[in-house]
Amino acid sequence: MSYDESQQPTRGRSGRSTLTLAVAALVPTAVAGWLVWQGMSGPDGPDAASAAGVAASSSAASTPAPSSASGARRDDDVPGGTAPAEPSAPARPLAGKVVVIDPGHNPRNRDHTAEINEPVDIGTTTKECDTTGTSTDAGYPEAEFTLDVSHRLRDLLEKAGARVIFTHDDERPFGPCVDERARIGNTAKADAAISVHADGSASGNRGFHVILPALVKGGGADTTAIVGPSRDLGEHIVGDFVRETGSAPANYLGEGTGLDVRADLGGLNLSAVPKVFIECGNMRDASDAELLTDAEWRQKAAQGLADGIRGFLKKDHRN
Ligand code: ZN
C-alpha cells in the first residue's frame, strides 16, 4: 500500500490489443522521421548502430546546435549574402515555445495519504488526487527520480530557448492532484507537456514506454484535439529515447513499440494540449533499477526526451 501505483494499474484491459496494433503500425514512421531529421540536422547525424538501440556515446549530455557561433547575428549577416540560414539548426530552436514538465508524484505524498486519496474528477470518472509512486527495491523513490530527470530536461529545453513550466518542484506538501497537473498545462497553453515517471512492474519486465492519451469524451474530458499531436510527440520521444539511452522499448506491453494508450489517466484525459507520459524504466527490475539510479543514465534519458520534444515542436503543430 505504501507504494500504491493505482494510477498505473496492471495491464490487460479489454481493447488493448487493438490499440497496440494501431500504434505498432505507426512506429516505423516515427523512427524513419527521426533518421531524416538527424540527417538534416548535423553533427550526430544518422548512426545505424545507435538507431538499432546500441547505447549512444557518453557525450549524450551535450548536443550543441551546430554553427551556433554566428546564429545570434544571422539577421545582420543576411544582407552580405553569405552562408544561407540553416533553419534546421538555429541557436535557440525552441524560442517562443512553452513546455510544461510534470514530475510524477511528490516525495512527500507518502506523508499525506488522506489528502492524496481524495477523489478528483477526471472527466470520465473520479480518481484519487495523486499517488505515492513506486521505488526501487533499495528504496530510491520514483518521486525523486522524476524530479531529477525533470530538472535535467528543463535545463536542456531552456538552453534550446523554450520557456519551461513545472507542475510542481518539490515545494508543495503533496500533489498537485492529477486534474491540476493537467490544468497547469492548459493554462500555460503549452506547446507540449510531458509527465515524467518510472514504472513499478514485476521483476523481469524491462524497458521504457510512452503513454498516449486515448480518445475520451465525457464530463470535463475531451481529448479529440490532442490525440493526434500527442501521438506524434510520443513517437518522436520513443525514437530519441532509444538513441540516447540505448534502452529498449518495454518488453511487457506495447508489443515492442514503446507506446501504450490509456484512457484512465486524469493527467491525459483533462489535457487540452499535446501531452504524454514517459515511464523511463521499471524500478522493480534490478537491471532497470541500475540504470534509473545512475545519474549519467538519467542525463541521457533527459536528452532523449528533450530531443523528442524538440523534434515534435519543429513541426509547429500549433498554427
Ligand atoms: Zn508514476
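Refer to the preceding data block for the structure.
All of the points below concern the structure found in this document. (Residues numbered from 1 in each chain as written. Predicted model: local features only at pLDDT ≥ 70, side-chain atom pairs only at ≥ 80, totals over all residues. Heavy atoms only, no water.)

A few points about the state of the cysteines
Link 1 in the chain: A complete count under the given rule lists 1 disulfide for this structure.
Link 2 in the chain: Across the disulfide, C129 is cross-linked to C177 (sulfur-sulfur distance 2.2 Å). Because the sign of the S-S torsion sets the handedness, a value of about -90° for the bond joining C129 and C177 places this disulfide among the left-handed ones. One end of the pair, C129, is in the loop between β3 (126–128) and α5 (142–159); the other, C177, is in the loop between β4 (163–166) and α6 (178–187), and 48 residues separate them in sequence.
Link 3 in the chain: A relative accessible area of 1% means that C129 is categorised as buried. (Disulfide = S-S within 2.5 Å. Helix = DSSP H or I, 4+ residues; strand = E, 2+ residues; numbered from the N terminus. Buried < 20%, exposed > 50% of the residue type's maximum accessible area, 1.4 Å probe, protein only.)

So, the pattern of salt bridges
Link 1 in the chain: Overall, the coordinates contain 17 salt bridges when judged by the stated rule.
Link 2 in the chain: A salt bridge links R108 to D170; the nearest nitrogen and oxygen atoms lie 3.3 Å apart. With R108 in the loop between β1 (98–103) and α4 (113–116) and D170 in the loop between β4 and α6, this pair connects stretches of sequence that are 62 residues apart.
Link 3 in the chain: Residue classification places R108 among the partly exposed positions, given a relative accessible area of 29%.
Link 4 in the chain: Under the relative-accessibility criterion, D170 is labelled partly exposed at 34%.
Link 5 in the chain: Here D148 makes a salt bridge to R152, at a shortest N to O gap of 2.6 Å. (Salt bridge = Lys/Arg side-chain N within 4 Å of Asp/Glu carboxyl O.)

Quick word on the packing of α5 against helix α10 (residues 295–314)
Link 1 in the chain: For the pair α5 and α10, interaxial distance at closest approach is 8 Å and the crossing angle is 50°. On the basis of their axis angle, the class for α5 and α10 is oblique. For the pair α5 and α10, the sense of crossing is right-handed. Touching F145, D148, V149, R152, L153, L156 and L157 of α5 are A295, W297, R298, Q299, A302, Q303, L305, A306 and I309, all from α10.
Link 2 in the chain: Residue composition of the contact of α5 with α10, by class: 11 nonpolar, 2 polar and 3 charged. (Axes fitted to C-alpha atoms, helices over the stretch in contact; angles between N-to-C directions. Parallel < 35°, antiparallel > 145°, perpendicular 65-115°, else oblique. Left-handed = near helix turned anticlockwise from the far one by under 90°. Contact = heavy atoms within 4.5 Å. Nonpolar A, V, L, I, M, F, W, Y, C, P; charged D, E, K, R; others polar.)

Topic: the sheet that holds strand β10 (residues 275–282)
Link 1 in the chain: Ordered in space as β4-β1-β5-β10-β6-β9, the 6 strands form an open sheet in which the pairing is mixed. A strand with exactly one partner marks an edge of an open sheet, and here the two such strands are β4 and β9 (259–262). Between one strand axis and the next, the sheet turns by 25° as a mean value, whatever way the strands run.
Link 2 in the chain: Examined bridge by bridge, β1 and β4 share 4 bridges and lie parallel to one another. Directly across from V98, in β4, lies its bridge partner R163.
Link 3 in the chain: Sheet strands in contact with helix α7 (residues 227–245) are β5 (192–199), β6 (209–213), β9 and β10, and its direction is about 30° off that of β10.
Link 4 in the chain: Against the sheet, α10 contacts β1, β5 and β10, and its axis sits at roughly 150° relative to β5. (Pairing = 2+ DSSP bridges.)

Regarding the packing of α7 against α10
Packed helix pairs are characterised by how far apart their axes lie and by the angle those axes make with each other.
Link 1 in the chain: Relative orientation of the contacting elements α7 and α10 amounts to 140°, with a least axis distance of 7 Å. Our pair here, α7 against α10, has a crossing hand that is right-handed. Each of P229, D232, L233, H236, I237, D240, F241, R243, E244 and T245 in α7 lies in contact with α10, whose residues at this interface are W297, K300, A301, Q303, G304, L305, D307, G308, I309, G311 and F312.
Link 2 in the chain: Here the residues of the contact of α7 with α10 sort into 9 nonpolar, 6 polar and 6 charged.

Comments concerning unusual backbone geometry
Link 1 in the chain: In this structure, P176 follows G175 across a cis peptide bond, with omega equal to 10°.
Link 2 in the chain: Along the chain, P176 turns up in the loop between β4 and α6.
Link 3 in the chain: Unusually for a residue other than glycine, H105 sits at a positive phi of about 65°.
Link 4 in the chain: Following the sequence through the fold, H105 ends up in the loop between β1 and α4.
Link 5 in the chain: One non-glycine residue, E255, lies in the positive phi region at around 50°.
Link 6 in the chain: Within the fold, E255 resides in the loop between α7 and β9.

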